[in-house]
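The chain contents come next:
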Protein chains: 2
Amino acid sequence: MKTPTAPSPRLASRIDKLTGSVARDILSRTQDKEIISFAGGLPDASLWRDLKLPEVPPSAFQYGPSEGERSLREILARRSKGLGLPANADTTLITSGSQQGLDLAAKLILEPGTPIILEAPSYLAAIQVFKLFQADLHSLPLDSEGICPRALDRLLNETQAPVIYLNPTFQNPSGTSYSLERRKQIAAVLDKHATLLLEDDPYRDIAYDAPPPPPIASFLQTSPWIYLASVSKTLIPGLRLGSLTCSPELFSPLLKLKQAADLHSNRPAQFIATQMLADPAVNQARIDGLCQHYRQKRDLMQTLLAAHFSGLASWEVPSGGMFFWLRFTQRIDLAQALNDTLSRGVAFMPGAPFFADPEDVGTSMRLNFSLVSPERMEEGIRILAAVVRDLHQTAACAESAS
Amino acid sequence: MKTPTAPSPRLASRIDKLTGSVARDILSRTQDKEIISFAGGLPDASLWRDLKLPEVPPSAFQYGPSEGERSLREILARRSKGLGLPANADTTLITSGSQQGLDLAAKLILEPGTPIILEAPSYLAAIQVFKLFQADLHSLPLDSEGICPRALDRLLNETQAPVIYLNPTFQNPSGTSYSLERRKQIAAVLDKHATLLLEDDPYRDIAYDAPPPPPIASFLQTSPWIYLASVSKTLIPGLRLGSLTCSPELFSPLLKLKQAADLHSNRPAQFIATQMLADPAVNQARIDGLCQHYRQKRDLMQTLLAAHFSGLASWEVPSGGMFFWLRFTQRIDLAQALNDTLSRGVAFMPGAPFFADPEDVGTSMRLNFSLVSPERMEEGIRILAAVVRDLHQTAACAESAS
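Residues numbered from 1 in each chain as written. Chains lettered and ligands numbered in written order. Predicted model: local features only at pLDDT ≥ 70, side-chain atom pairs only at ≥ 80, totals over all residues. Heavy atoms only, no water.

Under an unreviewed UniProt entry, chain A has the name PLP-dependent aminotransferase family protein and belongs to Pelagicoccus enzymogenes. Under the Subunit (unreviewed entry) heading, UniProt states for chain A: "Homodimer." Here chain A is described in UniProt, under the heading Cofactor (unreviewed entry), as follows: "pyridoxal 5'-phosphate". (UniProt positions renumbered as here; feature names shortened; annotations may be inferred.)

Asks: Give me the lowdown on the pattern of salt bridges, citing residues and values where you can.
Replies: The final tally for this structure, using the stated rule, is 28 salt bridges over all chains. A salt bridge links Asp 153 of chain B to Lys 192 of chain B; the shortest N-O distance between them is 2.9 Å. Residue Asp 153 of chain B is located in helix H5 (residues 149-159), and its partner Lys 192 of chain B is located in helix H6 (residues 180-193); the two are separated by 39 residues in the primary sequence. What makes Asp 153 of chain B buried here is its relative accessible area of 19%. Taking the relative accessible area as the measure of exposure, Lys 192 of chain B reaches 57% and is therefore exposed. Within this structure, Asp 103 and Lys 107 of chain A together with Asp 103 and Lys 107 of chain B form a network of salt bridges that share partners. (Salt bridge = Lys/Arg side-chain N within 4 Å of Asp/Glu carboxyl O. Helix = DSSP H or I, 4+ residues; strand = E, 2+ residues; numbered from the N terminus. Buried < 20%, exposed > 50% of the residue type's maximum accessible area, 1.4 Å probe, protein only.)

Asks: Describe in detail the side chain of Asp 44 of chain B, supporting the description with residues and values.
Replies: Residue and element names in this part refer to chain B. With respect to the secondary-structure elements, Asp 44 resides in the loop between strand S1 (36-37) and helix H2 (70-82). Of the residues examined, Asp 44 reaches a relative accessible area of 8% and is grouped as buried. Reaching out from Asp 44, the side chain makes a polar contact with the side chain of Lys 297 at a distance of 2.7 Å. If sequence neighbours within four positions are ignored, Asp 44 has contacts with His 293, Tyr 294, Lys 297, Ser 370 and Leu 371. (Polar contact = N/O pair within 3.5 Å; in protein donor to acceptor, adjacent residues only side chain to side chain. Contact = heavy atoms within 4.5 Å.)

Asks: Which residues make up the packing of H2 of chain B against helix H8 (residues 267-277) of chain B, and what are the values?
Replies: Residues and elements named next belong to chain B. At a minimum axis separation of 9 Å, H2 and H8 run at an interaxial angle of 45°. Judged by the inter-axis angle, H2 sits oblique to H8. For the pair H2 and H8, the crossing hand works out as left-handed. Residues Ser 71, Leu 72, Ile 75 and Leu 76 of H2 pack against Gln 270, Ala 273, Thr 274 and Leu 277 of H8. For the contact of H2 with H8, the class distribution of residues is five nonpolar, three polar and no charged. (Axes fitted to C-alpha atoms, helices over the stretch in contact; angles between N-to-C directions. Parallel < 35°, antiparallel > 145°, perpendicular 65-115°, else oblique. Left-handed = near helix turned anticlockwise from the far one by under 90°. Nonpolar A, V, L, I, M, F, W, Y, C, P; charged D, E, K, R; others polar.)

Asks: Talk me through the domain arrangement of chain A; I want residue IDs and the actual numbers.
Replies: Residue and element names in this part refer to chain A. As assigned here, chain A comprises domain 1 (13-48 + 283-401) and domain 2 (63-279). Placing a centre on the C-alpha atoms of domain 1 and another on those of domain 2 gives a separation of 25 Å. In this assembly, 34 residues from domain 1 lie in contact with 33 residues from domain 2. When domain 1 packs against domain 2, the two sides together hide about 3100 Å² of surface, and 62% of this comes from carbon and sulfur. On the domain 1 side of the interface with domain 2, the three residues burying the most area are Ser 319, Phe 354 and Ala 356, jointly 18% of the side's total. At the surface where domain 1 touches domain 2, the tally comes to one salt bridge. Summed over the shared surface of domain 1 and domain 2, the result is ten residue pairs in polar contact (both at pLDDT 80 or more). When contributions to the side of domain 1 that touches domain 2 are tallied by element, the ones reaching two or more residues are helix H9 (280-308) and strand S10 (323-328). Among the residues making up the side of domain 1 that touches domain 2, the classes are represented as 18 nonpolar, seven polar and nine charged. (Domains from an automatic or database assignment. Buried area = accessible area lost by both parts, 1.4 Å probe.)

Rendered as structure tokens:
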């Protein structure tokens, strides 16, 4: 047993980069079911209230291949192909959630000081992984159509970054979906610089208006690419299954990295996913139902935000995904706001953890609309707006006094 | 799509250390059910032929905590405590197999050049992970009671290694189980040097004779420790569930590393494991049955080896685990042997991949006895012995001719 005189263990320097995640703290405080949580990115559990899993046969109990089950790889490769990616089952790897895809890609590409380009804001758990691997993070701001291709070209000239991480479809957290034109322009810039594209695409199927344009990776002519997908958002998140498709030369090292990471992903889960995804028509009907359900929630949140946040913040109505991204018209103390709303039973995610570079941090907030029921959403947004309005007035006061 | 003129992507230097695993190649060649495979470390599928999994409730479908399910953490912590480890649920992390425990521990401790001590031979997938993290691997030979404490003390003085990796109970591949005295002596040496002990203990429950002595970590007074356990060998390998228990100061960074690796492990699997492990008496009866089943296989393999390999190799009868480790009396070409036996429908694992340092490579072979049925085991050992005897004679010939 540890005594007070025990020396501290010598840890790897990357551990200094392990961010004590704000997000995690909030999420652990919101395990409490009474909290109205706009903080996480959780699907609505009512969608699977009556779901019975298919019975898993004993043949799925043995150790399996690191690549994943062939049948599931084929289903997911067909989906990727349908999106215009030059994919097949042989270059499709089953991962333990698309989070594992980030870990494997980071191991493949990053070492201390490797420049990597990402969006500002970007997905917070991706930032966490890239920092852990001690990469040199460079951000490009998002406008309503994506990052700017010319700015990207300049930044690639300047940094010689070998890799860019993008989440161009219903981005987490901003909800931004890149236009078709922008996708093509960005692909051309990446080809010019031979930059590896790590494209994270977990929200594509959750589209409320038109279907989104094809992945940026589908427009690449020569650059290497890794495309991450997930069944967590549209099937069953607790399964922890995702997939990775990549340019052929990257598959072999990624497969070895997968093997070293966890040998292979859970096989009963792969069996369940295969059964549930096997019939494209059944699957599409399920996704259509899910989108209709979430569309109503998005519309409700938009109505509530318009009623309560006008003048306090600006936002775009997301055409897919699970989040609203609010930019406040005035800088407010969001740590204070979070304390206040949590004490009144409401959680949200402050914008800061979504920025790799603290200088980029505006005054922003991510609100998830997929989890909370309509009744509670109304109550939650009212409380949130009251707290923000209070702090907004305090901030305005302080400003006029200074 | 990739054209021939596309530039090669710039990858991290660690990828140079990614071993193209012999083991993996053999295992993928033995997916063919007709092969009699002594190569892998697979449990006997007949053990779960009639097993029905408990029905998983929808409450297990949502995202869950990175730590794992509380109920399962409590069950596994009780087990660790029963082994004398100062463990509790708060310092127990559910992992995606104990392979993931190796990945998390490597991330916590290793950077390029970090010295790490391990056994010769050692677990091949651990060697793979440590090489991937570009550690400086130092090996200590195993005798029948474990590594030598005095040699360990000298090597720690010399290398200042902050960490040692040991698999002291029914080791994979050698089958060695450290004596109680040796465990205590090694713990004292580690305390003296404040070395972190990474103890891998997946085979403990598969004991054929007396129960093994407590983990080495239970004898530490001050040194930090990480203890890895697994349900893959005694429950259902396809679930990919393991656990990690550690000294309290290491838990928080390991939990963050787990979050960055895959958010959390599969929840339906955790529910299933909790149900199956909940009743200690039922679980013990299941393990007793499993040990009796494997003991018969071990005894049969010993009989077959005695009949066919006398004079060709020496070995110890393992008192637990799943492997025989044969040391040949003469150096033979094991790549040739593997080709020959595979062409005759039999696979084994050459010893080389279990050595971190090629200089340590003797002429050895690992034989798994848990998977193959008794009838096929007899046939397989006969073929194996015939091939080895042939090569042995060729080698003796060449030697006398030179």
